[in-house]
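# Notes for the structure review
These are the residues of each chain, in order.
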Amino acid sequence: MPYSENHTKSAQSPGYTVQNEVKNLLGSHFKNLESPSLRLNKMMVFPIQGAGELNAVCACINEHGKKLSGPVYDIPGMISFRLKLAARMMIDQSGSVLNLGIRLHRNFSCPYIPGSALKGVTRHYAFQNCEDTDKLNRIFGNQERAGSVAFLNAFPADSNWKMVVDVLTKHNDPEEEHLDTKNPVPIFFPAVEKGAVFTFHVVPLKHDAGNDAEQVVKLIKSALMEWGIGAKTSAGYGWFKEI
């Protein structure tokens, strides 16, 4: 067979990010794989054209991701509350093999919001909108002392969450002649569909920090409803509303 024909045939064949033995065990396009985390972070089929591969990833997450029906935490003094996604959300977009990921819990395989991300956006919001810096330093901590309140991971409150594939098509500035404005390339990425309800938790770390925890609840709500969280918040993603 001439080289060109062999090269064309190889180019059209799907490539896998795992060894042949693993591929044969899991089936074509990993149809037997039941771990959404592995599917997203380790196991991809190339070449990736259009939204097909991400659709397969989202289908795996929606089918095998755990649908939580009860509280994840049970900690004395913990304050819990719920908010509803008013728009689609992307957390940890730079993750996965594609650098177009979503944050999935390692064990539950469902989307979640890390407590560190919640603390970061809430702290930034608080210092932009509150004048009592001494109180904020006590709540959030600084280089000299730990904060008085812990921010726990936020998980979906029920089974009514879904992963979808969204698309962004960049239209370049026509004045930049070196850019291709006639054939813009759409970029596909996974997102949590709007309407999902998340449960948030904060825990006072000191016996007299109950008021601080209540203040943090108000700050989280304000930050997520006014600023949002995750990627592309300026484009309307990651915003929450009261239930």
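Residues numbered from 1 in each chain as written. Predicted model: local features only at pLDDT ≥ 70, side-chain atom pairs only at ≥ 80, totals over all residues. Heavy atoms only, no water.

### Examining unusual backbone geometry
At S109, a position not held by glycine, the phi torsion is positive, near 55°. Counting through the fold element by element, S109 comes out in the loop between β3 (79-85) and α5 (115-129). Looking at S109, the relative accessible area reads 7%, which means it is buried. A positive phi angle, near 60°, is found at K232, a position not held by glycine. Relative to the helices and strands, K232 is located in the loop between α7 (210-226) and β9 (240-241). (Helix = DSSP H or I, 4+ residues; strand = E, 2+ residues; numbered from the N terminus. Buried < 20%, exposed > 50% of the residue type's maximum accessible area, 1.4 Å probe, protein only.)

### A short note on the state of the cysteines
Scanning all chains against the criterion turns up zero disulfides. Of the cysteine sulfurs around C58, a residue in no disulfide, the closest is that of C60, at 9.9 Å. (Disulfide = S-S within 2.5 Å.)

### Examining the packing of α5 against helix α6 (residues 133-140)
With their axes 11 Å apart at the nearest point, α5 and α6 run at an angle of 170° to one another. With respect to α6, the element α5 is oriented roughly antiparallel. Of the residues in α6, those in contact with K119, T122, R123, A126 and F127 of α5 are T133, L136, N137 and F140. (Axes fitted to C-alpha atoms, helices over the stretch in contact; angles between N-to-C directions. Parallel < 35°, antiparallel > 145°, perpendicular 65-115°, else oblique. Contact = heavy atoms within 4.5 Å.)

### Examining the side chain of S148
Tracing the chain through its elements places S148 in the loop between α6 and β4 (149-151). Among the residues examined, S148 registers a relative accessible area of 2% and is labelled buried. In contact with S148, other than residues within four places in its own chain, are R138, I139, V203, P204, L205, K206, A209 and D212.

### Points about the side chain of H201
Position of H201 relative to the elements: it lies in strand β8 (residues 197-204). A distance of 2.8 Å separates polar atoms of two side chains, one belonging to H201 and the other to S80. In this structure, H201 is in contact with Y73, M78, I79, S80, A150, F151, L152 and N153, ignoring residues within four places of it in sequence. (Polar contact = N/O pair within 3.5 Å; in protein donor to acceptor, adjacent residues only side chain to side chain.)

### Considering the packing of α5 against α7
Between α5 and α7, the shortest axis-to-axis distance is 9 Å and the interhelical angle comes to 90°. In terms of orientation, α5 and α7 fall into the roughly perpendicular class. On the side of α5, the interface is formed by L118, V121, T122, Y125 and A126, while α7 contributes L219, I220, S222, A223, L224 and E226.

### Comments concerning the pattern of salt bridges
Note on pairing: side chains with opposite charge can pair once their charged atoms come close. Under the definition given, this model contains four salt bridges. A salt bridge links E53 to R39; its shortest N-O distance comes to 2.7 Å. Placement of the pair is E53 in helix α4 (residues 52-64) and R39 in helix α3 (residues 36-41), with a sequence separation of 14 residues. Across the pair, exposure class does not vary: E53 and R39 are buried alike. A salt bridge links D212 to R138; its shortest N-O distance comes to 2.8 Å. Placement of the pair is D212 in helix α7 and R138 in helix α6, with a sequence separation of 74 residues. (Salt bridge = Lys/Arg side-chain N within 4 Å of Asp/Glu carboxyl O.)

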